[in-house]
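Coordinate analysis (summary)
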Amino acid sequence: MKNGMKNGILKSLLRLLQNRNKAEAPPPVPAASPRGISSKLAANLQRFRAEFGNSSDLVTREMRFGGAEGPRIALVYLDGLTDMKALMQSLAGEAAPGVRERKSARQWLDHLKQTAIAAGEIKEAGVWGDVVLAVLSGETAMFVDGCADVLTIGTQGGDRRNVEEPNTQSVIRGPREGFTETLRTNTAMVRRKIRDVRVRTEAMRIGRVTQTDVAIMYVQGLAADNILAEVHARLNRIDTDGILESGYIEEFIQDGKYSPFPTVFSTERPDTIAAGLLEGRVAVFVDGTPFVLLVPALFTQFYQAPEDYYQRADFSTLLRLLRFVCFMIALLAPSVYIAVTTFHQELLPTPLLIGLAGQREGVPFPAFIEAVMMEIMFEILREGGVRMPKTIGQSVSIVGTLVIGQAAVEAGLVSPAMVIVVAITAISNFVIPAFNMAISLRMLRFLFMAVAASFGLFGVVICLIGLVLHLCSLKSFGVPYLAPFAPLQLNDQKDSLFRLPAWMLRTRPRSLQDRNVYRQPPKGKAP
Amino acid sequence: MFSAVALVLLTGCWNRRELNELAIAAALGIDKSESGLKLSVQVINPGEIADRKGAGKQPPVVTFEAEGRTFMEALHRLTTEMPRRIYLAHLRMVIIGEEMARSGIGKALDALSRYYEVRTDYYVVVARGQTAAHILETLTSLEKIPANSMNTSLDISEKAWAATGKTTLNDLISGIHNIGRSAVMSGITLDGNPADGPEMNRFQSTKPPVILRYSGIGAMKGDKLAGWLSETESKGFRFAKGNLTNTGLVVPCPAGGYADVELVRMNSKVKGKVAGGSPAGSVTIRVEGMLTEVSCDIDVMKRKTISRLEREIEDEIEEAVHAAVRRSQDDLRSDVIGFGEAIHRANPKAWRNLKRNWPQAFRKMKVDVNVDMKIRRIGTVNEPAAKKTEE
Amino acid sequence: MEQAAISVRQFAILVFLYTVGTTILIIPSGLAAEAKQDAWIASLLGLAFNVAVVFLYRLIARSFRNMTFAQYYDNVYGKWIGKLMTLAFVFFSFVGSTTVLFYLGNFINTQVMPETPIQAINILFAAIVVMGLRLGLETLARTGEILFPWIVLLFLILIGCLLPQIDAEKLQPVLEADPASLIKGAVSLTGTSALPYLALFMLYPVQVSDPKKADRAMLEGTVAGGLFVVLITFLSIAVLGADVSERQMFPSYSLAKRINVGNFFARVEILIAAIWFITVYFKTVFYFYGCVTGIAHLFRLRDYRPLVLPLGMLVVVYSLVVYPDVVYAAEFDRTVWIPYIVVVGLAIPAVTWIVGIIRKRLQTPDVNGQP
């Protein structure tokens, strides 16, 4: 119900926007123009130029193929999106003697398609809109004079970022490659890891204006049907003008739209996606961003780093427990500090109480204000540092440390203990591998602090129960968000809070699907 | 609903108290006064203790006093002379003036157990021959907070000296309600001129002119202090109650001089029974020890010497326990060792009758004491340093 | 009615939480007052009573496998009397949830934050109760599943830290209390822990995924919860002593205050308070669930959710007036509650069951030898 209504509002908003656009610039594909393609070369080129508004990056190159007797052809492409080198080479020069006998334009077209052109992907298009779209995607349209069919040649190219080590989610041990902005490169990187025919890639275009390529990847037989159907349904439901990053898609397809918790996992790492596919998850690639989505995303997933599987199991388990502790600290430390120092001083050991009380002598603000102030100051510093070039970012943090750590304490504005609490909270927050999960904690922390300031630890416990309730009510594509814990899947405990050695991880997560659960031959059976 | 939540959050600081608004009370003193009782509070001056740099200018604790008809009245009256709210959750000691203790402490203790802020992990002692206020006013060296000093000192001396004992509020209250086992409290006293106690500059000397010292165990009868056990009796009492470690025992050697044995392990059982309508009690003590000092000429490598020492110690302990029992029966008339409870455990039916006039029955009760001592080790040398060289 | 199946395991946990509920904090004091150092024996006896009650309830529940208790009333008594009975049931669960809420506010006002108005505390608590019920049974069941290990962990910490302080002498003489006071204590335990299971009849057995196994789950939950209470009572007596336990309003809280491991792991009574907040939460939620689903049934609503918020407000208001003061509450619990709960929780369901069987016999004469 609510969704429907929301979509409705969105749609009407979009319509409004589009109407305004119409007034300023013509829509990309005029609805009035005929679907068909003229057999006259000049007319087609004319139409192309008109539709693109004589855009300077549109190149329409007319030439004669295979020497003087050959047909007149024209290449249409967008400069910069394409790599024309190979194509041009194969078009240049005289045609072979046997070829010249061809008469009709259609025969020439077939020849071009089947023999002459050295390009991987050649399609034939008969609808005008398809041709335009192909050109917009970096393909080259080849018109042959006298023929109403057009060849679209896969010449996508141009300057692109190389495969580099991802900036986020870096590892000490593990593959160093990260996704790039090119969808095809990205899917290829995953393919390279899973060489199985059952890896399926389905392509679709989302965004009425941007026409962004989106690909769904999964392993047939491992991904549960209902999850797959749900992904399809939700992606098909998206109706918007532009998708510029996978974040757009994420917001459209996530569950719990008002939840601070992410229910879609995103990563820059091909190995994480490959592992996810093998567990039966579904990946959503979006062209133009290195961040690939992975669904269903469960709570524990955000506390697991890819490296967990590359390091020793015992070590990884300890790290995961550490992350869990950090989760608690990041969420609770300031609120518990406020609650204990302003409500439950009896809970502190006496020497500690005396120490804290001594530090607070002369601090003008209540602990709650002190904490909020420091937390906000820290958030400002972090935000200031993140957007800066690395060198300036460092000086921001140095100024920050000096301002907070030294001057504020010495001026008696905050107590040193509070600085310690805020610092450990911030650092714990960095420990959480997934950035979007860390953000949700940052937001919730303030809620906890506010409640702690008026209800003490009682308020904190109540908030925690509320938080658990909320987490329990969340689902990600039909799978309960806290899945291996609630509902409890004993089998999945091997790889959730703990990480048992690889040889013990015989099964895939049962929370996701229960058809093909065995990764390794079950116990007692020969492989 | 949101506005309701916002309202709650915005107005909610009912119980909030910032750390620097608290006067952390480390010790309470309760004395008798004309109007009812006089309360003295030892409040910690946190700035002085926590601040590493400017410390030493002000005393680490401050004492405030107020009178009132009830405990709480006095506590509330204290606010008229202090800028902060008294916070009782971190009490380390409660000291009761002897006069107050003799006239009954039940009323004062009720507030301590009823008031939500107070915990029960502090010790209660009696200011022997003193007012509690004087004890609280005395500064201590080594440990900046006198209450902490008293607390730890009691902890340690209870084990090593045996003539003192920790008492918590719950022990006291059980003792008041339980006729079959009266409570006890250690006594604390002050050596020197009480007027010198509060002076800071007395620390200029390596030997402070005033010190606090534990001395003896006071036996309660109901909620009143009945009297003091002497040092030997206190030790006897503690032996009967068990749970001693590291206590040293001095025994005379046959040929003059002394030997010292340190307790390693001990175990005592207080038993009671009713035989022929009259109660009887027994105390069985098993002790293991280690020779720590020999200042006489004996051959410690001989089994015979050791067993003689053992027998000496057994006699010593037996004597002490008997002394404690005798004192509690004749003089104090208070069943501090808990024979009544022992009989209750052993024979609930008989106890039901006995309970009614237990104080009388207790006085006539016969008590057997059995001590079994074993010296397991003799230390790192096998010959006494004072051994005469044979010529 | 929503058909949110609770798994058997989840149901066992819910029963456990519901059993522990308010019992853990309040009962040890009453038991110590009745049975002195034998309070733990009384609590064991109470556990036995609880098990007996569960067996009876299972028997009764067998006659309404596919419906809620309210529907069963309609079935047995017909439309009008059935509705009247449901109204009584609604009243029972409503009062139940308000008293539990009162206890919570009272505890916090007494032990933790005396200056905070009880209204604020109850509103905050009721807010998450409302939130939980609006999110539905399934979510609540999962929440129970998540919180359960924490409760067990905190409880184990509590026990582990108190074990060294157990003083066997405080338990002696064993079995001094006369049987009457033991039974009295046991009944009071059953009255606060097992008989209120009646409210669970709105979701058991119909909402549980496997009704047959649910019977066992109920027993498991009861026994586990009962043992929990027995252990707490035992520790109260063995560590604090009977007289101190009796004097305390909340012995188990005082018990936690006793924890002191090496002078640094001390002052952790908030742990037991946390256990208690969680268990009380579930007790309130399921009392309240009984109330709202009962009303939903009365008015033939398909979904109970719209009722939750207004009734939640009502519960908060009523929790402030249900007992005028603590002394009244204690007296009510000693005198009125037990006969009341025995009638409502034991007599009425049993009578309904018997009437149901008789009616069935009358309607379908026993021709084939089948009941």
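Residues numbered from 1 in each chain as written. Chains lettered and ligands numbered in written order. Predicted model: local features only at pLDDT ≥ 70, side-chain atom pairs only at ≥ 80, totals over all residues.

1. A word on the interface of chain A and chain C
- On the side of chain C, 26 residues touch chain A, which itself brings 24 residues to the contact.
- Here the side of chain A that touches chain C gets 13 residues from one element, more than from any other, and that element is helix H15 (residues 435–473) of chain A.
- Classifying every residue of the side of chain A that touches chain C by side-chain character gives 18 nonpolar, five polar and one charged. (Contact = placed C-beta atoms within 7 Å. Helix = DSSP H or I, 4+ residues; strand = E, 2+ residues; numbered from the N terminus. Nonpolar A, V, L, I, M, F, W, Y, C, P; charged D, E, K, R; others polar.)

2. Focus on the nonpolar core
- One finds A:Ala283, A:Val460, B:Ile24, B:Ala25, B:Ile95 and B:Ile96 to be the most contacted residues of the largest nonpolar core, which totals 339 residues.
- With 20 residues, H15(A) is the largest single contributor of residues to this core.
- Those residues in contact with A:Val460 that lie beyond four places of it in its chain are A:Leu332, A:Ser335, A:Val336, A:Ala339, A:Phe448, A:Val451 and A:Ala452.
- Grouped together as the second largest cluster of nonpolar side chains are 28 residues, A:Phe48, A:Phe65, A:Val76 and A:Val132 included. (Core = buried A, V, L, I, M, F, W, Y, C linked by C-beta atoms within 7 Å. Buried ≥ 20, exposed ≤ 12 C-beta atoms within 10 Å, placed from the backbone.)

3. Let's talk about the domain arrangement of chain A
Residues and elements named next belong to chain A.
- Looking at chain A, the domain boundaries give domain 1 (25–153), domain 2 (183–297) and domain 3 (313–479).
- Relative to domain 3, the C-alpha centre of domain 2 lies at a distance of 34 Å.
- Each partner contributes residues to the interface: domain 2 has 14 residues there, and domain 3 has 13 residues.
- It is helix H7 (residues 225–237) that provides the largest number of residues to the side of domain 2 that touches domain 3, a total of four residues.
- Each residue belonging to the side of domain 2 that touches domain 3 can be placed in one class, and the counts come to eight nonpolar, four polar and two charged. (Domains from an automatic or database assignment.)

4. With respect to the environment of A:Glu375
All names here are of chain A.
- Relative to the helices and strands, Glu-375 resides in helix H12 (residues 367–386).
- With 326 residues separating them in the primary sequence, Glu-375 and Arg-49 have C-alpha atoms 56 Å apart.
- Ignoring sequence-local partners within four residues, the contact set of Glu-375 consists of Pro-334 and Val-422.

5. Topic: the interface of chain A and chain B
- Chain A puts 23 residues into the contact, and the matching count from chain B is 22 residues.
- When contributions to the side of chain A that touches chain B are tallied by element, the ones reaching two or more residues are helix H10 (313–342), helix H11 (350–360) and H15 of chain A.
- At nine residues, H11(A) tops the list of elements feeding residues into the side of chain A that touches chain B.
- Residue classes in the side of chain A that touches chain B are distributed as 11 nonpolar, nine polar and three charged.

6. Regarding the sheet that holds strand S11 (residues 258–275) of chain B
All names here are of chain B.
- Pairing is mixed across the open sheet formed by four strands, whose spatial order is S10-S11-S12-S13. Looking along the sheet, the strands with just one partner apiece sit at the ends: strand S10 (248–252) and strand S13 (366–377). Averaged over neighbouring strand pairs, the angle between their axes works out to 35 degrees when direction is ignored.
- Bridge count for strand S12 (residues 278–294) against S13 is 11 bridges, and the pairing is parallel. (Pairing = 2+ DSSP bridges. Axes fitted to C-alpha atoms, helices over the stretch in contact; angles between N-to-C directions.)

7. Considering the domain arrangement of chain B
Residue and element names in this part refer to chain B.
- You can read the domains of chain B as domain 1 (19–229) and domain 2 (231–391).
- Centre-to-centre, using C-alpha coordinates, domain 1 lies 31 Å away from domain 2.
- Taken together, the contacts link 20 residues of domain 1 with 25 residues of domain 2.
- Those elements giving two or more residues to the side of domain 1 that touches domain 2 turn out to be helix H7 (146–160), strand S8 (211–221) and strand S9 (224–229).
- Top contributing element to the side of domain 1 that touches domain 2 by residue count: S8, with five residues.
- For the side of domain 1 that touches domain 2, a count of residues per class yields 11 nonpolar, six polar and three charged.

8. Considering the pairing of strand S10 (residues 292–295) of chain A
Residue and element names in this part refer to chain A.
- Where burial is concerned, the two faces of S10 agree: the one with Val-292 and Leu-294 and the one with Leu-293 and Val-295 are both buried.
- Here strand S9 (residues 282–286) runs beside S10; their pairing, made up of three bridges, is antiparallel. What sits directly across from Val-284, in S10, is Leu-293.
- With antiparallel pairing between neighbouring strands as the criterion, S9 and S10 make up a hairpin whose turn holds five residues, including Gly-288 at a positive phi of roughly 95 degrees.

9. Digging into the packing of helix H2 (residues 23–35) of chain C against helix H7 (residues 179–193) of chain C
Residue and element names in this part refer to chain C.
- Here H2 crosses H7 at 165 degrees, and the two axes come no closer than 9 Å. The orientation of H2 relative to H7 falls into the category roughly antiparallel. The handedness of the crossing between H2 and H7 comes out as right-handed. For the pair H2 and H7, the contacting residues are Thr-23, Ile-27, Gly-30, Leu-31, Glu-34 and Ala-35 in the first and Ser-181, Leu-182, Lys-184, Gly-185, Ser-188, Leu-189, Thr-192 and Ser-193 in the second. (Parallel < 35°, antiparallel > 145°, perpendicular 65-115°, else oblique. Left-handed = near helix turned anticlockwise from the far one by under 90°.)

10. Observations concerning unusual backbone geometry
- Here the residue pair A:Val295 and A:Pro296 is connected by a cis peptide bond, since its omega of -10 degrees sits within 30 degrees of zero.
- Positionally, A:Pro296 belongs in the loop between S10 and H10.
- Between A:Ala486 and the following residue, A:Pro487, the backbone shows a cis peptide bond with an omega angle of 0 degrees.
- Mapped onto the fold, A:Pro487 is located in the segment after strand S12 (479–480).
- If you check the backbone angles, C:Arg300 has positive phi at about 55 degrees while not being a glycine.
- For C:Arg300, a count of 6 C-beta atoms within 10 Å puts it in the exposed group.

11. Comments concerning helix H4 (residues 105–116) of chain A
Residue and element names in this part refer to chain A.
- Its 12 residues place the ends of H4 only 14 Å apart at the C-alpha level, less than the 16 Å of an ideal helix rising 1.5 Å per residue.
- Three or more residues of H4 are buried, namely Ala-105, Trp-108, Leu-109, His-111 and Leu-112. Mapping the buried residues of H4 onto a view down its axis gives an arc of 160 degrees, with all of them on the same face. Turned more than 90 degrees away from the buried face of H4, the exposed residues are Gln-114 and Thr-115. (Expected span 1.5 Å × (residues − 1). Arc of directions from axis to C-beta.)

12. Side note on the environment of B:Arg84
Residue and element names in this part refer to chain B.
- Among the structural elements, Arg-84 can be located in the loop between helix H3 (71–77) and strand S4 (85–87).
- For Arg-84, a count of 13 C-beta atoms within 10 Å corresponds to the partly exposed category.
- Separated by 62 residues in sequence, Arg-84 and Leu-22 have C-alpha atoms that sit 5.5 Å apart.
- Setting aside residues no more than four positions away along its own chain, Arg-84 makes contact with Glu-21, Leu-22 and Ala-23.

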